[in-house]
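Single-letter residue listing:
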Amino acid sequence: MLVSNDVKRDPRVRKSAQSLAEAGHKVGVIGVCYRGQATGWELQPEGFYVKLVALNQSTRARVKNALASASPSAYQRLTKAYRWARKIPRGESANVKGATSAPSANDEIANKDEARRRVVQAAVRNRLARQKSLTSTLFEAAIQTWPSVIHCHDLDTLEAGIRTSNITGCSVVFDAHEIWWQQHAEDEAVPEWNDYFEEIESKYIVQADLVITVCDSIANFFMDKHGIPKPTVVRNAIRLTAEQKAEQTDLRPSESPVEVLFHGGFAYNRGLEELLEAAKAFVNAKLILRGFGSLENQLREYIEKNNLEDTVAFSPPVPMSEVVQAASTSDIGIIPYKPVCLNNRYSTPNKLFEFMTAGLSVVASDLPELKKVIESEKIGLTFEAGSAESIATAINTLASDPERVTKMRAKARSAAQRRHNWNVEEKKLVSAYKHIPTPKGLSRIWKIQHAVRQYL
């Protein structure tokens, strides 16, 4: 498997690797460390191996990363001095061209939004600039393993996988966690990023022996755009513990005021600003925000300014292993995402399955994949994405009938135990692997000869 992160906090990669290892495959995951030391192969508790490789970088980048790893405090002081010398506003990327002064107080909101947009675009351009290094790094590591199958997690690893296949004759699995070139809002999108990865997708997806993705909407998108058979859909649901599989006890009844939970990252375009605006109109409902992120200070300021302390409260984040248990004390889980790009529109976030497993009713934006689950399972309500008024109406509708909420919560937990969990989804993955054509004999020799001719 190839992935462009350090593997530690990528639940889909780890779940997939564990499921395939338990099915009898020998699984090694090659990840990337952008700072710190590369590692050899290390056996994980789940039964697969992980190796981290250092990105092939410029001398300047290697010096920066080495300094940051050796002495983070010294690196931070040097960074602050550099920003001061270049007159770069605090919180804005050093790579943003034309940054000369902090936003003026006269137009603070507009300038903050513009500064944020420029920061996001600078980060995207930085990621694009290192893509060729990422591809060569993963290819060099993968070719040494001479795999039978190479499983490419997301589009930024696919070219490396195809190149490995051209040399070794191995089969290629493309696991698209998202539509890679459609992950940024229109006002934040970088045309060269979109163009580059759209071309990569069009060129290589047709060469994959198996394409996997996370929902029907994205599968249909790939099928329509590239003329390929419908990809195998393996949803990113959570792996149930033994206790969660066997849980049969009655849920505690919901009581007024009902507790509404949002957990996850406090980031832009997730509808959190509209959620707080809606909270002004909540009746018999209290909102809990559990998580962290760049938007937290802005959310806290809004709550204080609008005297929402009695309606909205923050709760500290918990480890991933405790997310479901912590959520179980609430009544309604809310997902207010906005369809600012295709990825958001087609999203099936982990929190949907976490809320269901915890026994929460779910209230969410009327996005196709969320709406499909909520309405088919009758576990909650949907609202118009981005509308504070619609959010308030949905919450107040349920808050006025705690008994109805309790029934929805029971349906949600039952649906999670029976259908919406990784223990079901992994069977699709393992089954798909049984039908991967593994090039052998003359077919394998032909692929190697083809690769030789290509590189000569």
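Residues numbered from 1 in each chain as written. Predicted model: local features only at pLDDT ≥ 70, side-chain atom pairs only at ≥ 80, totals over all residues. Heavy atoms only, no water.

Draft legend 1. Up close: the overall build of the protein chain. If you tally the helices and strands in the protein chain, you get 19 helices and 13 strands. Sorting the 456 residues of the protein chain into buried and exposed places 50% on the buried side. Considering only contacts in the protein chain between residues 6 or more positions apart, those separated by 24 or more positions represent 66%. (Helix = DSSP H or I, 4+ residues; strand = E, 2+ residues; numbered from the N terminus. Buried < 20%, exposed > 50% of the residue type's maximum accessible area, 1.4 Å probe, protein only. Contact = heavy atoms within 4.5 Å.)

Draft legend 2. Quick look at a nonpolar patch on the surface. Together, Trp 41, Leu 43 and Tyr 49 make up a nonpolar patch on the protein surface, roughly 310 Å² of accessible area in all. Secondary-structure assignment places Trp 41 in the loop between β1 (28-33) and β2 (42-43). (Patch = residues over 30% accessible without salt bridge, like charges linked within 9 Å, V, L, I, M, F, W, Y side chains within 5 Å. Areas by Shrake-Rupley, 256 points an atom, 1.4 Å probe, with all protein chains shown as cover. Salt bridge = Lys/Arg side-chain N within 4 Å of Asp/Glu carboxyl O.)

Draft legend 3. Quick peek at the pattern of salt bridges. Scanning the model with the defined rule gives 17 salt bridges in all. With a shortest N-O distance of 3.6 Å, Arg 239 and Glu 426 are connected by a salt bridge. Highlighted residues: Arg 239 in the loop between β7 (232-233) and α9 (242-246) and Glu 426 in helix α18 (residues 422-434), separated in sequence by 187 residues. Judged by relative accessible area, Arg 239 falls into the partly exposed class, the value being 24%.

Draft legend 4. Quick look at the sheet that holds strand β13 (residues 380-383). Spatially, the 6 strands line up as an open sheet ordered β10-β9-β8-β11-β12-β13, and their pairing is parallel. Looking at which strands have only one partner, the edges of the open sheet turn out to be β10 (312-315) and β13. On average, each strand axis in the sheet is tilted by 25° relative to the strand beside it, whichever way the strands run. Helix α11 (residues 296-305) contacts β9 (285-292) and β10 of the sheet and is inclined by roughly 150° relative to β10. (Pairing = 2+ DSSP bridges. Axes fitted to C-alpha atoms, helices over the stretch in contact; angles between N-to-C directions.)

Draft legend 5. Representation of the packing of helix α16 (residues 388-399) against helix α17 (residues 402-418) within the structure. For the pair α16 and α17, interaxial distance at closest approach is 6 Å and the crossing angle is 100°. Judged by the inter-axis angle, α16 sits roughly perpendicular to α17. Together, Thr 397, Leu 398 and Ala 399 of α16 and Pro 402, Arg 404, Val 405 and Met 408 of α17 make up the contact between the two elements. Residues of the contact of α16 with α17, tallied by class, amount to 5 nonpolar, 1 polar and 1 charged. (Parallel < 35°, antiparallel > 145°, perpendicular 65-115°, else oblique. Nonpolar A, V, L, I, M, F, W, Y, C, P; charged D, E, K, R; others polar.)

Draft legend 6. Focus on the nonpolar core. Membership of the largest hydrophobic core comes to 55 residues, with the highest contact counts inside it found for Leu 275, Leu 289, Met 356, Val 362 and Ile 395. Top element by residues in this core is α16. It accounts for 7 residues. Leave out the neighbours within four places in its chain, and Val 362 touches Gly 333, Ile 335, Leu 352, Phe 355, Met 356, Ile 374, Ile 379, Gly 380 and Leu 381. Judged by nonpolar contacts, the second largest core, of 40 residues, contains Leu 55, Leu 128, Cys 152 and Phe 174. (Core = buried A, V, L, I, M, F, W, Y, C linked by side-chain atoms within 4.5 Å.)

Draft legend 7. Quick peek at the sheet that holds β7. Strand order in this open sheet of 4 strands is β4-β5-β6-β7, and the pairing throughout is parallel. Only two strands of the sheet have a single neighbouring strand rather than two, namely β4 (149-153) and β7. Relative to β7, strand β6 (residues 210-213) is paired through 2 bridges, and the arrangement is parallel. Within β7, the position partnered with Thr 213 by the bridge is Val 233. Contacts from helix α8 (residues 216-226) reach β5 (171-176), β6 and β7 within the one sheet, and its direction differs from that of β6 by about 140°.

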